[in-house]
Amino acid sequence: MRSRGSTKWRILGSQIFVCLGSAMAALADPTQPLSPTNIFAPASTPARLIFGLSLFVLTVTGGIFIVVFALLLYSVVKFRKRKNDDGREPPQVFGSNQVELAWTVIPVLIVVALFMATARVIAGIQKVPRPDNAIEVIAIGHQFWWEYRYPALGVVTANELHVPVSDDNRPTPTFIQLWSADTDHSFWIPRLAGKTDLIPNHPNSMWIDPHETGLYLGQCAQYCGTQHAKMLLRVYVQSPDEFARWIQEQRQPAITRNEITQGQRIFETTACVNCHKVAGTLANGRFGPDLTHLMSRDTIAAGAAKNTPENLRQWILNPAGIKPGSLMPAMQLSDPELDALTVYLETLR
Amino acid sequence: MSTESIAWPSATAVSPSFVDHLHEWVTTVDHKRLGIMYIVYALIFLVIGGIEATIIRIQLIRPHNDFVSPQVFNRMFTMHGTTMIFFMVMPVLFGFANYLIPLMVGARDMAFPRLNAFSFWMTAFGGLLLYFSLIGANGLYGAGNAPDVGWFAYAPLTSQTFSVGHSTDFWTLALLVSGFGSIGTAINIVATILCMRCPGMTLAKMPLFVWLNLIMAGLVILAVSPLTAAQIMLLIDRYLGGHFFDTQAGGSAVIWMHFFWVFGHPEVYILVLPAFGFASEIIPVFSRKPIFGYPVMVGASVAIGFISMSVWAHHMFTVGMGANINTFFVISSMTIAVPTGIKIFNWLGTMWGGKIEFKTPMLFCVAFVFQFLIAGLTGIMLASAPFDWHLGNSYFVVAHFHYVIVGAILFTLFGAFYYWFPKITGKMYNEALGKLHFWLFIIGFHMTFDFMHVPGLLGMPRRIYTYEPGRGWDTWNFIVTIGVFFQAAGILIFLGNLIWSYFRGKIAGSDPWDAWTLEWSTNSPPPEYNFATIPTIKSRRPLWDLKHPDDPDWRYE
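The present account deals with the structure reproduced in this document. Treat the numbers as computed from the prediction; the structure is a model and nothing was measured.

What counts and how
Residues numbered from 1 in each chain as written. Chains lettered and ligands numbered in written order. Predicted model: local features only at pLDDT ≥ 70, side-chain atom pairs only at ≥ 80, totals over all residues. Helix = DSSP H or I, 4+ residues; strand = E, 2+ residues; numbered from the N terminus. Buried ≥ 20, exposed ≤ 12 C-beta atoms within 10 Å, placed from the backbone. Contact = placed C-beta atoms within 7 Å. Core = buried A, V, L, I, M, F, W, Y, C linked by C-beta atoms within 7 Å. Axes fitted to C-alpha atoms, helices over the stretch in contact; angles between N-to-C directions. Parallel < 35°, antiparallel > 145°, perpendicular 65-115°, else oblique. Left-handed = near helix turned anticlockwise from the far one by under 90°. Nonpolar A, V, L, I, M, F, W, Y, C, P; charged D, E, K, R; others polar. Pairing = 2+ DSSP bridges.

Turning next to the environment of asparagine 530 of chain B. Residue and element names in this part refer to chain B. One can find asparagine 530 in the loop between helix H15 (474-504) and helix H16 (542-547). The buried category is assigned to asparagine 530, around which 22 C-beta atoms lie within 10 Å. Put simply, asparagine 530 and glutamate 519 are eleven residues apart on the chain and 8.6 Å apart in space, counted from C-alpha to C-alpha. Ignoring any residue separated from it by four or fewer positions in sequence, one finds asparagine 530 in contact with Pro102, Leu103, Arg108 and Thr522.

Okay, here's the thing in structure tokens:
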């Protein structure tokens, strides 16, 4: 009995060590990223506030775990039935009011402390008024891509959100309105903020103020249909100058040449134009991503593939090959038509 | 009257044929047979739901895996969730409630035996209806077969626009039908407990298992009704031109969420309260002590019942309810930690100073206390709304609720299976196989669900059929999937043990555990009428009084 008991605890103990070890590994060193989507590597005020709260909650719950687990471990080891048991029943204890009172009052106090800390962070994130200089973006969730509109700046783009960095000297937060065109989605960039859902007929909003430039990743976090998994989020945080330049470029219509190329003719005479817009041309669809500056983006298909001519060609040939369940149909084009169309799309800078 | 002689059955007894047996079981209104049918039915769905889980995990073993298509994956997690909640855990708990409550309160059957049979068959046909979708839901070309809207089926994904064919209808009707069964059983449990107790058994002398089932049944009546209403509204939307959840016509997707979670959160307590009941029966017997703080345990359970009705929107912290509503649901959700904590402390108090014998049922219950502690603590993290904005809908929350449903509920259920197997079959299970099951399952469980927390913290959302490499999720997902095979091996040994012991087990006798509640005072298996004479009791442990006439409990209670 004794040896069996100690093996049991050795196994259980090692499991606990592995758990704690992995939790520590997840926490350790946010600059040397374990993951580009680590919630413990915050880079924006809402994420930082949550990070602070989560450390507090983890400390409190960790403390409770250690105390209660020690009690459990002690009682199963100390009070196990011994080999040389005399066969008599142990003292029959029915309870103790003092002890019950103690383990009611202490948890109540802990809950009060946790609640106060939580309520403060909720207010600190949800009750913040929008400053006048904030960038305003409307993010619209579609099956299975993201549309971004900058109403004050006159820019419409897709899948890759650009925002300016917000340093303490010049705070420039970005306020994002969250709409949905079809089903529920959720906007989650773990390093920038917690998630907020995009629900049709129920506009939401959130804000971020990234402190460092760079690319921040995330993805749709509410099941939205077949291709929920490849509805990826990319946020490019740029210096104020770079952001201003990007806005300037995006506001231009597509570069049109004097003669219409074969690729453009194919684009404008097939179903492409039903869904896609290329500003300054005949194409004026609203259902799919705006392609006016397609080549300014690093990825296609909501981050599912790199934006290379080869991928672009594959995508047009058979979208379901890259993203099964994508709502874009295969266009049934011949090889020369595909080549011409790809060449045209590559001019949309 | 004619004088013709009537053919009399020959005196040589013919053993009843298979058809006779079948007829007897199908038409039975005996609470014990219905209980066994619930349990066997649930075990079949445990295997089916387990296979679905295994498919999900194989698909996620590495990034960009293509074991199944996204369509199949989405059906798998929908069917896995729906099956395990509605057609595995609920029926198996109803089965144990059916079997044990009359025996524990000293009654000869449930209050309404025919309603009992009706409820079982409604639940059974609900499950068949759900799985018939695999054959019958292909209403339109290209429409899917099994439902793929997720087990909480958020609007507007369930509208005809996004869910063509009939898969969602099968899902809706399966839950509607089994919901009627659940409500029938709940009414029956409440009536039995309130009206059928044997002389001397006041409410304050009921076994805790009976108390917890009383609260569970009350919650079923309160919680399943809104779900049923919501399912009818969804059918009206889909076929009668209604717009309750039709966001394109001014309906509200958020209303569905409220309807679903006002069912969905009490549902968690519907599942876990009977599990508390198992633990509260098994831990005292194997610690050789009465439950510590019985009145406080009852009070805490009733408190959990009430508070659980006011916490549902903590599932909705990310839907944009505003700071004030979020704050309310933070405090209500955290409050529930207090009575739950009290229960954990009382189980510890029961073990404290006892002589703990680690038979298989007790092993599962000790593991339950440990795992439920962790599940409760991760629950506090999720109740902290801003933390939940990260953790909600990530793999962290998946790990958390599996810690509750597997780590707490399924573990105590395994304990209950081993503990009451001798009573139900009259045979003893194989202890060595039971322990092997325990160790395989606990290793598998911790490999799968401990490590599943980590990808959630690293930003992995749930319900994705594949993921990108380079997110730091690969290793964790690999370990999680490997754990599944340990769990599957454990389950196979468990089922093998049940079948082998049923045919080959040693005769158990009426009271193999030297236990104290009334079910152990009758034969194993109990006769159809349960008790030859209805017992009269004077304390919470009538068999203790009987075995220790010099030191009976009623002197102290």
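So, on to the nonpolar core. All names here are of chain B. Leu271, Val272 and Ile409 are the most contacted members of the largest nonpolar core, which has 265 residues in total. For this core, the leading source of residues is helix H7 (residues 253-287), giving 23 residues. Sequence-distant contacts of isoleucine 409, that is, excluding residues within four places in its chain, are made with Val89, Leu271, Val272, Ala275 and Val404.

Moving on, we come to the packing of helix H2 (residues 45-78) of chain A against helix H10 (residues 337-351) of chain B. The geometry of H2 of chain A relative to H10 of chain B is characterised by a closest axis approach of 9 Å and an angle of 20° between their N-to-C directions. Here H2 of chain A lies roughly parallel to H10 of chain B, going by the angle between them. The two elements H2 of chain A and H10 of chain B cross, and the hand of that crossing is left-handed. Here Val68, Leu71, Leu72, Ser75 and Val76 of chain A of H2 of chain A come into contact with H10 of chain B, specifically with Ile344, Leu348 and Met351 of chain B. Grouping the amino acids of the contact of H2 of chain A with H10 of chain B by side-chain chemistry returns seven nonpolar, one polar and no charged.

Another point: the pairing of strand E3 (residues 155-158) of chain A. The side chains of a regular strand alternate between both faces of the sheet. Residue and element names in this part refer to chain A. Of the two faces of E3, both are covered, the one formed by Val155 and Thr157 as well as the one formed by Val156 and Ala158. Pairing of strand E2 (residues 145-150) with E3, which is carried by four bridges, proceeds in the antiparallel orientation. In the strand pairing of E3, tyrosine 148 is matched with threonine 157. Adjacent in sequence and paired antiparallel, E2 and E3 are bridged by four residues, among which glycine 154 carries a positive phi angle near 70°.

The next point concerns the environment of methionine 362 of chain B. All names here are of chain B. Relative to the elements of secondary structure, methionine 362 occurs in helix H11 (residues 360-383). Given 24 C-beta atoms within 10 Å, methionine 362 falls into the buried group. Those residues in contact with methionine 362 that sit more than four places away from it in its chain are Ile282, Phe286, Ile356 and Glu357.

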